[in-house]
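# Structural overview for review
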Amino acid sequence: VAKGGFGNVWGGAMLPADPADLTPDWPREATQLEANYGAVLSWMPLSAGEDRLAHDFPTHCAARGALRMPLQAQALMRDLEALCDPSLSYGLARLAVHTEGPRACRACGLCLSGCVYGSIFNPALDIEELSRAGQLDYRSGYLVEKLEERESGVAVFAERLGGGEREELSFERVFLASGAISTTRIMLASMGAYDAPVTL
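Cut-offs applied
- Residues numbered from 1 in each chain as written.
- Predicted model: local features only at pLDDT ≥ 70, side-chain atom pairs only at ≥ 80, totals over all residues.
- Heavy atoms only, no water.
- Helix = DSSP H or I, 4+ residues; strand = E, 2+ residues; numbered from the N terminus.
- Rg over C-alpha atoms; globule rule 2.2 N^0.38 Å.
- Buried < 20%, exposed > 50% of the residue type's maximum accessible area, 1.4 Å probe, protein only.
- Contact = heavy atoms within 4.5 Å.
- Areas by Shrake-Rupley, 256 points an atom, 1.4 Å probe, with all protein chains shown as cover.
- Lys, Arg positive; Asp, Glu negative; His and termini not counted.
- Charge placed at Lys NZ, Arg CZ, Asp CG, Glu CD.
- 1 Å grid on protein atoms, 1.4 Å probe; cavity = no way out; pocket = protein on both sides within 12 Å on 5 of 7 lines; lining within 4 Å.
- Points joined across faces, edges and corners; volume = space filled by probe spheres on them.
- Pairing = 2+ DSSP bridges.
- Axes fitted to C-alpha atoms, helices over the stretch in contact; angles between N-to-C directions.
- Core = buried A, V, L, I, M, F, W, Y, C linked by side-chain atoms within 4.5 Å.

### Looking at the overall build of the chain
Each helix and strand counted, the chain has 4 helices and 3 strands in total. Ordered by position from the N terminus, the helices and strands of the chain form the series α-α-α-β-β-β-α. Its C-alpha atoms give the chain a radius of gyration of 21 Å, more than 25% over the compact-globule value 16 Å for 200 residues. Taking the principal axes of the C-alpha coordinates as reference, the chain spans close to 60 × 40 × 25 Å. The buried share among the 200 residues of the chain stands at 24%. Contacts in the chain between residues at least 24 apart in sequence constitute 48% of all its contacts with a sequence separation of at least 6. Accessible surface, the chain as shown: approximately 14,200 Å² in total, 56% of it carbon and sulfur. Within the chain, one finds 17 positive and 26 negative side-chain charges whose respective centroids are separated by 7 Å.

What follows is the structure, given as structure tokens:
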């Protein structure tokens, strides 16, 4: 399993959620997320340009650089601009990639193999840095089975991978973020809802 889960964005798009995508059944509106975008982008890299995406998808940060576009992308951009169609939103890809400093992208073209220069954001680097600084106790090798809320906090029941021993870990609070399917599995097991149909 990748350390950091889907936080390993591999240069994935960093667009904020479109308000239309968050209705009608999301618990928060798009405007309630805006301050959080800025907070995340205060430490996470973003490659972005000043273009027509900004109207629908603001960057939520002041300092940013942009990756160089390949010739084919430059030609496509010229074609889109020649259309003069105000209904089109287009621009540079918003990517979680360093564009300045020692980790700046070198345009080597090996992105899909994993960036050997650390240019593409990877939470594993932050996890390791926080662990070294004593700000994070990172525990690997557990398969979480269920949670149990108690007056004193939260008990996490997990199996040790490799040996199969079951452990009960205690925490004051727990934030469960294991992806849509695994989070649902853990919560259903925690509630004893084994026959409950779930729509994803």
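Having seen the structure, we can now continue with the description.
### Looking at the layout of surface pockets
Put simply, the second largest pocket is a space of about 580 Å³. In this structure, the second largest pocket is lined by 28 residues; those nearest its centre are Leu67, Arg68, Leu95, Cys105 and Cys111.

### Let's talk about the sheet that holds strand E2 (residues 153-160)
If you trace the 3 strands from one edge of the open sheet to the other, you get E1-E2-E3, paired in antiparallel fashion. Looking at which strands have only one partner, the edges of the open sheet turn out to be strand E1 (142-150) and strand E3 (166-171). Taken pair by pair, the neighbouring strands of this sheet meet at an average axis angle of 25°, ignoring direction. Note: E2 against E3, 6 bridges, orientation antiparallel. Bridging from a neighbouring strand, Val156 pairs with Leu169 of E3.

### Quick look at the environment of Tyr37
Secondary-structure assignment places Tyr37 in helix H1 (residues 34-41). Between the C-alpha atoms of Tyr37 and Glu100, which are 63 residues apart in sequence, the distance is 21 Å. Here Tyr37 is in contact with Pro16, Ala17 and His60, once residues within four sequence places are set aside.

### Quick word on unusual backbone geometry
One non-glycine residue, Cys84, adopts positive backbone phi at about 50°. Looking at where Cys84 falls in the secondary structure, it is placed in the loop between helix H2 (71-83) and helix H3 (123-132). Phi is positive for Ala107, close to 55°, though the residue is something other than glycine. Mapped onto the secondary structure, Ala107 falls in the loop between H2 and H3.

### Comments concerning the nonpolar core
With 8 residues, the main nonpolar core is built from Met14, Leu41, Met44, Leu46, Ala48, Cys61, Ala96 and Phe121. Formed by 5 residues, the second largest nonpolar core is a distinct cluster that contains Leu147, Val154, Val156 and Ile186.

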